[in-house]
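# Descriptive analysis of the structure
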Amino acid sequence: MSHDLTQPGTPIDVEKMRTLQVKGSAPRRVAEGSDADGRFKKTVVDDGNAIITERTTGKAGTAPGVSDRQDVEIFPKTVHQSMSLNGS
Amino acid sequence: MAFTKSGLYTHTFREILRATTLTGGQIDLRLATYKIALLGAATDASSPVAFDTATVSWVNTNEVSGTGWAAGGLALSAVATGSSSAVPTCDVGTAGSLRYDHTNDLSVAGTTLASVQGCIIYADPVTSPADMADAMIVCVCFGASYSTTSGIFAVTWSGTGIFELDLTP
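Residues numbered from 1 in each chain as written. Chains lettered and ligands numbered in written order. Predicted model: local features only at pLDDT ≥ 70, side-chain atom pairs only at ≥ 80, totals over all residues.

### A word on the overall build of chain A
The number of helices and strands found in chain A is 0 helices and 6 strands. Starting at the N terminus, the α and β elements of chain A follow one another as β-β-β-β-β-β. Buried positions account for 23% of the 88 residues belonging to chain A. Restricting to contacts in chain A with at least 6 residues of sequence separation, those with at least 24 account for 24%. (Helix = DSSP H or I, 4+ residues; strand = E, 2+ residues; numbered from the N terminus. Buried ≥ 20, exposed ≤ 12 C-beta atoms within 10 Å, placed from the backbone. Contact = placed C-beta atoms within 7 Å.)

Right, dumping it as structure tokens:
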């Protein structure tokens, strides 16, 4: 399947994730796609604890423009408490 | 300053095990009337993440709220996809452990939130005694700061639940 970002509705393809570094910022792993209106979207995996998906005003395949929507999905670890059995 | 530690509120569990009479109903972790509030830049061992404090009433110190997420938090009955219930459960989890979990993960659309670093689940219906009103149950640290813009705020809980008490270590 082609991954033509100039076409509206191109799904974000995590198989095409790449490292993006903006000057002055830490490198981030990103994959790109476009929404049904042809606007640029990208999924950013920041730190292994969450996935951030940004949508920008720019048309896909052109300059991204500014972010106008950001979703976040967080994956917290289980809070795990153990009893301590002294002398066991 | 970011806080770094998740935890359970010891005084809450002490009062549960002592069968302390509460106004608004006894602690029942299966209730969807309990709320989840968001937390920003708290400091470890300071309110509201001082887990050994003798007053466990939820407070809005360092709370994060915004568009789509009201101050005071959202009821668990409306935090899953489409404002459906999270359906909290409390049952045996990993062998020998007691697990608190939500059947449906948290997913709230249309939010604009800044610098969320964790969340607190608390017993909103409990009104007295004063040390147990709005009793906090658990605080989960997200490990970093997250924001949304007109978007979905989602938390996908671990397959081993929100918390587990290992009773057979």
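On we go.
### Some points on unusual backbone geometry
Residues and elements named next belong to chain B. Note the cis peptide between Ser 47 and Pro 48, where omega equals 5 degrees. Here the residue pair Ser 128 and Pro 129 is connected by a cis peptide bond, since its omega of 0 degrees sits within 30 degrees of zero. Within the element layout of this structure, Pro 129 appears in the loop between strand E7 (106-123) and strand E8 (135-155). At Ala 19, a residue that is not glycine, the phi angle is positive and equals roughly 55 degrees. With respect to the secondary-structure elements, Ala 19 resides in the loop between helix H1 (10-17) and strand E2 (35-39). Not every positive phi belongs to a glycine, and Asn 62 is a case in point at roughly 60 degrees. Tracing the sequence through the fold places Asn 62 in the loop between E2 and strand E3 (63-64). Residue Asn 62 is classed as buried on the basis of its 20 C-beta neighbours within 10 Å.

### Some words on the sheet that holds strand E6 (residues 97-102) of chain B
The pairing of strands in a sheet happens through backbone hydrogen bonds and is either parallel or antiparallel. With mixed pairing, the 4 strands of this open sheet are ordered in space as E6(A)-E9(B)-E6(B)-E5(B). Only two strands of the sheet have a single neighbouring strand rather than two, namely strand E6 (79-82) of chain A together with strand E5 (88-92) of chain B. Between one strand axis and the next, the sheet turns by 15 degrees as a mean value, whatever way the strands run. (Pairing = 2+ DSSP bridges. Axes fitted to C-alpha atoms, helices over the stretch in contact; angles between N-to-C directions.)

### Let's talk about the pairing of strand E9 (residues 163-166) of chain B
Pairing of E6(A) with E9(B), which is carried by 4 bridges, proceeds in the parallel orientation. Its bridge partner being in E9(B), Gln81(A) is matched across the sheet by Leu165(B). Where E6(B) lies against E9(B), 4 bridges are found, and the strand directions are antiparallel. Across the sheet, residue Tyr100(B) finds its bridge partner in E9(B), namely Phe163(B).

### Some details on the environment of Gly7(B)
With respect to the helices and strands, Gly7(B) occurs in strand E1 (residues 7-8). When the 18 C-beta atoms within 10 Å are taken as the criterion, Gly7(B) is described as partly exposed. Through-space distance from the C-alpha of Gly7(B) to that of Val138(B) is 5.8 Å; in sequence the pair is 131 residues apart. Ignoring any residue separated from it by four or fewer positions in sequence, one finds Gly7(B) in contact with Val79(A), Phe51(B) and Cys139(B).

### Topic: the nonpolar core
Residue and element names in this part refer to chain B. With 51 residues, the main nonpolar core has Ile 120, Tyr 122, Met 136 and Ile 137 as its most contacted residues. At 12 residues, the largest contribution of residues to this core is made by E8. Excluding residues within four positions of it along the chain, Ile 120 makes contact with Ala 37, Leu 39, Pro 48, Trp 58, Met 136 and Cys 139. (Core = buried A, V, L, I, M, F, W, Y, C linked by C-beta atoms within 7 Å.)

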